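For reference, the chains in residue letters:
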Amino acid sequence: MLAFDDVMQRAPEQRELEFAKLKLTEANRMRLQQMLMSDARVPELLQATASEACQRLGDDDELGQSLVGTNVGTFRLLALIGQGGSSVVFRAERAAGDGSQVVALKLLRTGLYSADAQRRFRREQAILAQLTHPNIASLIEGGVSEAGIPYIAMELVEGIPITQAANARSLSIEQRLALFCTLCRTIEAAHAALIVHRDLKPSNLLITNSGELKVLDFGIARLMDDDDSATRTHSVAFTPEYAAPEQYRTGSLTTAVDIYALGVLLGELLTGNRLTSKTRASSSVASNKNSQERSTPSGLPAPAELMRKLRGDLDSILTVALADEPGLRYRSANAFADDIERYLCARPVRAHPPSSWYRMRKFVVRHRVGFALTTILLLGIFAALGLAVWQGVKARHAADRAQAQAARADSMRDFMFNAFAETEPTVARKGPVTVIEVVDRAIKTANGDRAIDPRARAELLSRLGEIIGTQGDLARSGVLLANAHEQAAKTLGEDDPLVWDIARLQAVNQMQRGEYSVARNTIDALIARGPTMPLELQSKVLLDSAAIARRVRNSERALTDARKAVSSARLAKNSDLLLSALDELGAVLLTVDSFREAIEVFGEVLALDIARFGEQSSQAADAMSGLSRAYRQLEDFDRAEEYVRAAVAIDKVIYSGDHWIAASHLNALGMVLVAKRDFNEALQVEREALRINEATLGAEHPAVGAALQGIASVDIRLEDYADAVPLLRRSLALAVRTYGEHHWAVTFDRSDYGYALGMTGEYRSGIAQIDIAIADLQALADPDWNVLSKTLEKGIRLALEHSDWAGAALRIDQFAEVSAKATLQSDYWNGRADCLRGEIFLALGHATEAEVVLAECGSKLDSAKKPEAVFYASQPLLHSAAFSAIGDLPKARALATLGRQRLLHLSSPPSRLLKLEATLPR
């Protein structure tokens, strides 16, 4: 090879003379001649400019094969190994002493156009070549061809990706974690050398036939940067599924990007699924996909068992590793590995929120044998000491309990006779007795009869206060519960479980009135009592804690407490409590977009309800309604409709008259029908729900406001704005009275009211209401991007309808930013900002700009799984209008035809689209 280098460094006319001077054997002379001849036959690809060559490497995969047999630098390309988005990889060799060296040679799909860039490339590869580690494939050398194409020669590794290897070897969870720790230690060694990988993924992490881990392509992304300055752009396309959020932005990258990729990889190793934006906070949620779609990979337990094992510490570890902000992730790969090893040794992990109870539990797991022996010894001692005392007091306690239960039963019996005496036929009345009248009578009896057992009185007053709340009078319910709690605390003591339960009911009332911080303080004070609380009461408190967290959009707390409530209910073996806890868990899962797990939870609820109450029961109907909500969120509208219609059918069988539960199921059916754009039936269903709510709950109940809003939403879609305005005005008033002027739950009614008001001609008043709703949503610590996007869109649409082009233009940038965040949760928003921006450009007469953004919108629509129907039809119509304005009639006609075809599949299309369609060429 030294001879070849010496000859090649000479000018062409001097090479023959230099060749003649060399003292070579005949075999080596022939070999050198062949090498020189091969070098002279430079393929067309390598004769091109760097930009041309890179373009052709990306466009024509056959060109990679055509390079086999040619030389790049000192290497001869032997075979094409593979191709990717950033490089073409060959098996290559070069002479080394008396033998040859076989390498993996990468031709990078990028060009280095300047001498400075080429110098930097060589400097960087020299630094990387010094990175030596037994688990890192060594970088042998790098260079730049005469055409400006950079190449890299690396150690040739034969193996399979780490995820495939784990499955092929049937590795258990513990074995996968041990392998992952080795990977983390390897990455840390590179980080210590100030080298970041920036493209960690299974194809770069191979397991050899001997079981050795090898990390490939270390620093390749760095070599391919166009510039090293703060304003650099990346010419290499990183792998999106494993990329950290900061990799989508300009600016310097740190070791935190590798920590994030390691987190994604760990989730894939533990679940068999690559974590997505909806499951990255929970490996146990991701593992649940297996129960719906496929079995778990070889070596991992069944889905239910896998979810149980991953829940807790491993979920917490992944949450830290996958934090959106780099500063919140593990500070190093070593720290990541340390936490994994703590988990494997049953020690407290740093990612888990610290608590004494958690650390004690870990201590017991680590020392289970010694702890068990000590516990048995202590129990024996206490049993011996307590046996005599227990026998002495057993009879007395039994007598006391029997006497107390008898007194309580007598009090309850007498109370029921007195409270309901007014309903007897001998009492003259103008009409049938109402629930409120019976409860008022009962409260008066409970407070006036001093003979009632104190415990019975406290329990009765708390339940009666709860009933008042269900009838819609939350303020009076709060007063009654406060009085019941005060009386119970005085007569029974602050540490009585009944006093705690009444306090819990107070927290529920506070939550219903929108006093979330007060409710949180009440519940947290109860949670602090911990193990001293009966197991069933613990589950109820946790269930209510989850409900509070769900309403203030604290999803993490809601999910944690709901799962704990379910676990406590299972331990208590209380089927009623378990059903309530599962219902709440299902509701929480819907709010965090874990729709598949929600279906599993509601499915369990339905099975339990049918086993206990039968198929024709209100409980089964409620579970079916929950399943309908989950399937509707998954946009499986047919199954959603199937379940909710089954619930409505059950209601007709079990309720002889009107019932508010039937109204709630009708409202759920109406939402499915709206999603399917069956507006006429939806309107009938929502009106029936309103009638039932008013008849059973009264005109001022919050459920009436929801029914009013349901009718109005259909009216808006049918463009009956004059009908919608009074309904929404009344609904808004009820929401404000229930939750307060600026509560997030009020924004739904306010934004719809503002839109409908504006569409009736009162533009300024309407847009003012929408702006108030936007401000209230932005003030939330954790805004709902979907709701905020819809509210902003209403403002833009209202401005466009009233020719307020400037007002629409002022709002579009904010909408684009917010809807981009909402796009991470749903395809609904994909490209919607481009569509609106194109409509604004058209209105302003900027047809060329409109065409550009509408074309981009069309590309995004093509990548969406289920684009929203109206949006799907409007894009080609607007695009056609842009081409018409430009003067390109053939394209305008083609797009108009496409838009008209999509309109045919759209039930009740908006009039604005029909008007637009009429102006387009045919």
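Each chain carries its own residue numbering, running from 1 in the written order of its sequence. Thresholds applied to this predicted model are a pLDDT of at least 70 for local features of residues and 80 or more for the giving and counting of side-chain atom pairs; totals over whole chains, interfaces and linings are not thresholded and use all residues. Side-chain measures were taken over the full set of non-hydrogen atoms in the model, leaving aside hydrogen atoms and water.

Colleague: Any details on the packing of helix α21 (residues 474-492) against helix α22 (residues 497-512)? Residues and values, ideally.
Modeller: Each axis is a line fitted through C-alpha atoms, taken for helices only over the stretch in contact, and angles between the N-to-C directions span 0 to 180 degrees. For helices the rule is a DSSP run of H or I covering at least 4 residues; for strands it is a run of E covering at least 2, with both sets numbered from the N terminus onward. Contact geometry of α21 with α22 gives a least axis separation of 9 Å together with a crossing angle of 160 degrees. Relative to α22, the element α21 lies roughly antiparallel. Crossing geometry of α21 relative to α22 is assigned as left-handed. In contact with Leu 474, Ser 477, Gly 478, Leu 481, Ala 482, Ala 484, His 485, Ala 488, Ala 489 and Leu 492 of α21, α22 contributes Leu 498, Val 499, Ile 502, Ala 503, Leu 505, Gln 506, Asn 509 and Gln 512. Residues are grouped as follows: Ala, Val, Leu, Ile, Met, Phe, Trp, Tyr, Cys and Pro are nonpolar; Asp, Glu, Lys and Arg are charged; every other residue, Gly included, is polar. Of the residues contributing to the contact of α21 with α22, the split by class is 12 nonpolar, 6 polar and no charged. Here the word oblique covers every angle except those under 35 degrees (roughly parallel), over 145 (roughly antiparallel) and from 65 to 115 (roughly perpendicular). Helix crossings get a hand from a simple test, with the near helix turned counterclockwise from the far one by less than a right angle marking a left-handed crossing and a clockwise turn marking a right-handed one. Two residues qualify as a contact provided that any one of their heavy atoms is within 4.5 Å of a heavy atom in the partner residue.

Colleague: Any chance you could break down the sheet that holds strand β3 (residues 87-96) for me, citing the residues and the numbers?
Modeller: At least two DSSP bridges between two strands are needed for those strands to be called paired. Judged by pairing direction, the sheet is antiparallel, and its 6 strands sit side by side in the order β1-β2-β3-β4-β6-β5 without closing on themselves. Lying at the two open borders of the sheet, with one neighbouring strand each, are β1 (71-72) and β5 (139-144). Here 10 bridges tie β3 to strand β4 (residues 99-108), and the two strands are oriented antiparallel to one another. Within β4, the position partnered with Ala 96 by the bridge is Gly 99.

Colleague: Before we move on, could you go through helix α34 (residues 746-759) and cite the residues and values that matter?
Modeller: In this analysis, the expected span of each helix is defined as 1.5 Å times one less than the number of residues it contains. The end-to-end C-alpha distance of α34 is 20 Å, a good match for the 20 Å that 14 residues give at a rise of 1.5 Å each. Partly exposed describes any residue whose relative accessible area lies between the buried limit of under 20% and the exposed limit of over 50%, with all areas from a 1.4 Å probe on protein chains only and scaled to the type maximum. When you tally the buried positions in α34, you get 12 out of 14 residues, the bulk of the element. Buried residues belonging to α34 abut α32 (702-717), α33 (721-739), α35 (763-778) and α36 (785-801). Downstream of α34 by one or two residues, Gly 761 has phi in the positive range, about 120 degrees.

Colleague: Explain unusual backbone geometry to me, using residue names and the numbers behind them.
Modeller: One non-glycine residue, Arg 198, lies in the positive phi region at around 75 degrees. Positive phi, close to 65 degrees, is recorded for Glu 635, a residue that is not glycine. Following the sequence through the fold, Glu 635 ends up in the loop between α28 (618-633) and α29 (637-654). Judged by its relative accessible area of 28%, Glu 635 falls in the partly exposed class.

Colleague: Summarise the packing of aromatic side chains; cite the residues concerned and give the values.
Modeller: In this description, an aromatic ring pair is defined by two values, namely the gap between the centres and the angle between the planes. The rule is short: rings of Phe, Tyr and Trp, with Trp giving its six-membered ring, pair when the centres are within 6.5 Å, and they are stacked under 30 degrees, edge-to-face over 60, tilted in between. As enumerated under the stated definition, the model contains 4 aromatic pairs in all. When the ring of Tyr 330 is compared with that of Phe 336, the centres are 4.9 Å apart and the planes differ by 15 degrees; the resulting orientation is stacked. On the basis of relative accessibility, which here comes to 9%, the residue Tyr 330 falls in the buried class. Taking relative accessible area as the criterion, Phe 336 reaches 0% and is therefore assigned buried. For the ring pair Tyr 721 and Tyr 755, a centre distance of 6.0 Å and an interplane angle of 80 degrees mean the geometry is edge-to-face. With a gap of 34 residues between them, Tyr 721 in helix α33 and Tyr 755 in helix α34 connect regions that are remote in the sequence. One aromatic cluster is present, formed by Phe 180, Tyr 330 and Phe 336 through successive ring pairs.

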